[in-house]
Amino acid sequence: MAAEGKTIDALSQFELIPVLGPVGRAVGFTQSNAHMLLAIGLVSALMLLGIRRRALIPGRLQSAAEMSYEFVESLVVGQVGHEGRRYFPFVFALFMFVLAGNLLGLFPYAFTYTSHIAVTLGLAATVFVVTTAVAFALHGRKFFGYFFPEGAPLWLAPIIVPVELVSYLSRPISLSVRLFANMVAGHVLLKVFATFVVLLGTLGVVGPFVAALPLAVNVLLVGFEILVAFLQAYVFAILTCIYLHDAVHLH
Amino acid sequence: MVDQRDGFEQRLRSAEARQGLDPDPAGDRGPSPQAPWGIGLRAGVEIVSALIAGAGLGWLLDRWLGTGPWLLLLFFLIGGAAGVLNLYRLVSPPRRPN
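Residues numbered from 1 in each chain as written. Chains lettered and ligands numbered in written order. Predicted model: local features only at pLDDT ≥ 70, side-chain atom pairs only at ≥ 80, totals over all residues. Heavy atoms only, no water.

Check the secondary structure of chain A and you find seven helices and zero strands. Along chain A, helices and strands appear, N-terminal first, in the series α-α-α-α-α-α-α. Taking the principal axes of its C-alpha atoms as reference, chain A extends roughly 75 × 55 × 40 Å. Taken over 251 residues, chain A has a buried fraction of 44%. Contacts in chain A between residues far apart in sequence, at least 24 positions, make up 68% of those at least 6 positions apart. Carbon together with sulfur atoms contributes 74% to the accessible area of chain A, which is approximately 13,100 Å² in total. Averaged over its 13 positive side-chain charges, chain A has a centre that lies 8 Å from the centre of its 11 negative ones. (Helix = DSSP H or I, 4+ residues; strand = E, 2+ residues; numbered from the N terminus. Buried < 20%, exposed > 50% of the residue type's maximum accessible area, 1.4 Å probe, protein only. Contact = heavy atoms within 4.5 Å. Areas by Shrake-Rupley, 256 points an atom, 1.4 Å probe, with all protein chains shown as cover. Lys, Arg positive; Asp, Glu negative; His and termini not counted. Charge placed at Lys NZ, Arg CZ, Asp CG, Glu CD.)

Okay, here's the thing in structure tokens:
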């Protein structure tokens, strides 16, 4: 446990530990990868089992599947427009993967793979490459006009172009850092207050009464973390949609 | 989708309008409806990430061209400007017509 040494050890929960014994150690298969596979399995199971019955009046599972589908679909169509429908699978996969990761991490003993910058930066880099490729495929060389707005005086180009370029390059960084920072901050807070409960609980007679305070905070924090899990998946998906909109329409 | 069956969607919508349950008449156009501190956090992330992107690009160019610390310094400033640009795009009303 974290409190055994009478210290607050909030960061060891993010350590990667190989699983599956020697095979996992040999190929570097950690609990993070295991949770990713679990998330993919859960999302696939939700969609496959949810639409198996195809009832006109949906059951609970079908409702959940249809709600997630329609939520992301309205997001994509609302932000990108009707020509953005073909990017729906991409956004849907991203959204469900991030959401499943955020929510899985809230279970005890589970690992939050979205709390690693390597994972979020990998996802954001995928978004960056895909949106840039879409813009190139649709607009060809006109894509470079994105970095210089029409009508601006030409002598301002040495200032505007680098600034727009850096602003464009900062997209994957802000996208990944936002998700990563939110998940890390939430889980560190949870762990710190949980450690308070254990430390204060051993404080003699008054201990259990004082320990009730951080316990109450933790109950509130878990609810807040569920909100953050949904909100960050939503923000990730909607920013992807906004970037796709920019790629499809070039402003 | 069941909408083509018997005008279900339309009846549902008119029923919702009668009950005053219209889903968002005006709002919900911004990138993310969040608490004020959420917007503040986003603003901070936007500026910091633009600075990181600018400094990183300058550092890479410096390493490639061997031009001392100068491009790093220049692109750090450009990163700051890009951060302000990001911030402006974050708070300015959306200008997309659709």
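Having seen the model, we can carry on.
Moving on, we get to the overall build of chain B. Per the secondary structure count, chain B includes four helices and zero strands. Residues counted as buried form 24% of the 98 residues belonging to chain B. Residue pairs in contact within chain B that sit at least 24 positions apart in sequence constitute 44% of those at least 6 positions apart. Total accessible area on chain B stands at roughly 6,900 Å², and carbon and sulfur atoms take up 67% of it.

Residue and element names in this part refer to chain A. Scanning all chains against the criterion turns up five salt bridges over all chains. The closest approach of N and O atoms between Asp246 and Arg171, which form a salt bridge, is 2.7 Å. With a gap of 75 residues between them, Asp246 in helix 7 (residues 207–249) and Arg171 in helix 6 (residues 157–201) connect regions that are remote in the sequence. (Salt bridge = Lys/Arg side-chain N within 4 Å of Asp/Glu carboxyl O.)

A separate point is the packing of helix 5 (residues 117–139) of chain A against helix 7 of chain A. Residue and element names in this part refer to chain A. It is at 8 Å that the axes of helix 5 and helix 7 come closest, and there the two elements cross at 20°. Taken together, helix 5 and helix 7 sit at an angle that is classed as roughly parallel. In this structure, helix 5 crosses over helix 7, and the sense of that crossing is right-handed. Along its contact with helix 5, which presents Leu123, Ala124, Val127, Thr131, Val134, Ala135, Leu138 and His139, the element helix 7 presents Phe236, Thr240, Tyr243, Leu244, Ala247, Val248 and His249. (Axes fitted to C-alpha atoms, helices over the stretch in contact; angles between N-to-C directions. Parallel < 35°, antiparallel > 145°, perpendicular 65-115°, else oblique. Left-handed = near helix turned anticlockwise from the far one by under 90°.)

Another point: the packing of aromatic side chains. All names here are of chain A. Taken as a whole, this structure holds eight aromatic pairs over all chains when the rule is applied. Judged by centre distance (4.8 Å) and plane angle (65°), the ring pair of Tyr69 and Phe88 falls under edge-to-face. With Tyr69 in helix 3 (residues 60–80) and Phe88 in helix 4 (residues 88–104), this pair connects stretches of sequence that are 19 residues apart. Ring-pair connections join several aromatic residues into one group, and the members of that group are Tyr69, Phe88 and Phe92. (Phe/Tyr/Trp six-rings, centres within 6.5 Å; stacked < 30°, edge-to-face > 60°.)

Attention now moves to the confidence of the model for chain B. Residue and element names in this part refer to chain B. The predicted model of chain B has a mean per-residue pLDDT of 75, with 72% of residues at 70 or higher. When mean pLDDT is compared element by element in chain B, helix 4 (residues 70–91) scores highest at 87, while helix 1 (residues 3–6) scores lowest at 60. Confidence drops under a pLDDT of 50 for residues 24–32, and excluding neighbours within four residues, the segment shows 11 contacts in the predicted structure. Among the scores for the predicted complex, ipTM is 0.71 and pTM is 0.79. (pLDDT = per-residue confidence, 0-100.)

All names here are of chain A. It is the contact of helix 4 with helix 7, at a shortest axis distance of 8 Å, that shows an interaxial angle of 160°. In terms of axis orientation, helix 4 runs roughly antiparallel to helix 7. At the point where helix 4 passes helix 7, the crossing takes the right-handed sense. Across the interface between the two elements, Phe90, Val91, Leu94, Phe95, Val98, Leu99, Asn102 and Leu103 from helix 4 touch Ala229, Phe230, Gln232, Ala233, Tyr234, Phe236, Ala237, Thr240, Cys241 and Leu244 from helix 7. Broken down by class, the residue content of the contact of helix 4 with helix 7 amounts to 15 nonpolar, three polar and no charged. (Nonpolar A, V, L, I, M, F, W, Y, C, P; charged D, E, K, R; others polar.)

Another point: a nonpolar patch on the surface. A surface patch of nonpolar side chains, amounting to about 550 Å² of accessible area, comprises Val205(A), Val206(A), Phe209(A), Val210(A) and Leu213(A). One can find Val205(A) in the loop between helix 6 and helix 7. (Patch = residues over 30% accessible without salt bridge, like charges linked within 9 Å, V, L, I, M, F, W, Y side chains within 5 Å.)

Moving on to helix 4 of chain A. For helix 4 of chain A, built from 17 residues, the straight-helix expectation of 24 Å at 1.5 Å per residue is met to within 8% by its first-to-last C-alpha distance of 24 Å. For helix 4 of chain A, a buried count of 13 out of 17 residues is recorded, marking the element as mostly surrounded by other parts of the structure. (Expected span 1.5 Å × (residues − 1).)

Moving on, we get to the nonpolar core. Formed by 51 residues in total, the largest nonpolar core has its most connected members in Val72(A), Val76(A), Val91(A), Phe95(A), Tyr113(A), Leu175(A) and Phe236(A). Looking at this core, the elements that each hand over two or more residues are helix 2 (31–50), helix 3, helix 4, helix 5, helix 6 and helix 7 of chain A. Residues contacting Val76(A), with those up to four places away along its chain left out, are Gly81(A), Gly84(A), Phe88(A), Val91(A) and Cys241(A). Residues Leu57(B), Leu71(B), Phe75(B) and Ala82(B) belong to the second largest nonpolar core, which totals 10 residues. (Core = buried A, V, L, I, M, F, W, Y, C linked by side-chain atoms within 4.5 Å.)

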